[in-house]
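In case you want the letters, here they are:
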Amino acid sequence: MSTDVVIVGCSGHGREVYSIVQAVNETGARQEAVRVLGFVDDAPSERNLKLVQRLDVAYLGRVDWLRTAPAGTHVLLGLGHPGVRQRLGRRIDGYGLPAFSVVHPDATVGRDLVHGEGLVVFPGARVTTNVTLGRHVHLNQNATVGHDSVLEDYVSVNPSAAVSGDCHLAEAVLIGTCAAVLQGRRVGPGATVGASACVVRDVPDGTVVKGVPAR
Ligand SMILES: CC(C)(COP(=O)(O)OP(=O)(O)OC[C@H]1O[C@@H](n2cnc3c(N)ncnc32)[C@H](O)[C@@H]1OP(=O)(O)O)[C@@H](O)C(=O)NCCC(=O)NCCS
């Protein structure tokens, strides 16, 4: 028996997600192996198609392929940008397929983590205690999320960014690479925190902040 999964997005992020699934299978920790049926993508570049082919995984076609997916197929959103993931995720929700969650074996997550479906945790990421993550949250390489924080649906924490304790990141927030969000801060829905920024005050909805301190 296996759990069948289709990855949405042939780009680098999607292929990284595929490598996390492979790493999970290699540990043998799951009772059922995860079988990746292939990738779907509405507009894959020639380069990305070649790179998918190199992985020996099928390109199944456009995202609508999922409408006729075999019963029991799970979806993994391999899209790095929260806004894009949110848009496609909402569309795919209409197809009624469950989403798969995957945590790289070299990541650590608190035993009391509460999360929605579609979670992706990359190698080296650390999530401590009493953290709540919504649907389709992606925590990239070496990202950290401190105690009692809440990250709503479609949030991305990019590589090496640090979200301190008691933070609240609203839906589809992007925390850029190496950024820091100080303890207790709130980042409004759809906001972007630039790479290497330091968030010392709450960030209003839909805004882009950058620099130290972030403005
Ligand atoms: C902040 C950010 C969202 C701005 O994007 P943008 O609006 O396209 O910005 P631009 O590249 O047009 O740059 C606009 C200005 O902001 C500056 N800038 C861009 N990113 C910055 C950052 N992270 N910190 C400080 N200044 C930055 C640019 O130098 C430029 O300055 P100038 O007008 O004086 O020349 C983006 O640069 C960023 O940091 N995104 C996070 C990306 C990330 O995490 N990538 C990793 C993927 S794994």
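Provided above is the structure to which this section pertains.
Residues numbered from 1 in each chain as written. Predicted model: local features only at pLDDT ≥ 70, side-chain atom pairs only at ≥ 80, totals over all residues. Heavy atoms only, no water.

> Account for the overall build of the protein chain, naming residues and giving values.
Looking only at helices and strands, the protein chain has 3 helices and 22 strands in total. Taken over C-alpha atoms, the radius of gyration comes to 17 Å for the protein chain, in line with the 17 Å a tight globule of 215 residues would show. Oriented by its inertia axes, the alpha-carbon framework of the protein chain measures out at about 45 × 35 × 30 Å. In the protein chain, buried positions account for 49% of the 215 residues. Approximately 9,700 Å² of the protein chain is accessible, and the part contributed by carbon and sulfur atoms is 50%. For the protein chain, the separation between the mean place of its 20 positive charges and that of its 20 negative charges on side chains is 6 Å. (Helix = DSSP H or I, 4+ residues; strand = E, 2+ residues; numbered from the N terminus. Rg over C-alpha atoms; globule rule 2.2 N^0.38 Å. Buried < 20%, exposed > 50% of the residue type's maximum accessible area, 1.4 Å probe, protein only. Areas by Shrake-Rupley, 256 points an atom, 1.4 Å probe, with all protein chains shown as cover. Lys, Arg positive; Asp, Glu negative; His and termini not counted. Charge placed at Lys NZ, Arg CZ, Asp CG, Glu CD.)

> So what's going on with the pattern of salt bridges? Which residues, and what values?
Taken as a whole, this structure holds 9 salt bridges when the rule is applied. Two residues, Asp42 and Arg62, come together in a salt bridge whose shortest N-O distance is 3.9 Å. Residue Asp42 is located in the loop between strand 2 (33-40) and helix 2 (46-54), and its partner Arg62 is located in the loop between strand 3 (59-61) and strand 4 (74-77); the two are separated by 20 residues in the primary sequence. The exposure class assigned to Asp42 is partly exposed, which follows from its relative accessible area of 27%. (Salt bridge = Lys/Arg side-chain N within 4 Å of Asp/Glu carboxyl O.)

> So what's going on with the sheet that holds strand 13 (residues 150-151)? Which residues, and what values?
Strand order in this open sheet of 5 strands is 7-10-13-16-19, and the pairing throughout is parallel. Both edges of this open sheet fall to strand 7 (114-115) and strand 19 (186-187), since each of them pairs with a single strand only. The pairing of strand 16 (residues 168-169) with strand 19 spans 2 bridges and is parallel. For Leu169, the partnering residue across the bridge sits in strand 19 and is Val187. (Pairing = 2+ DSSP bridges.)

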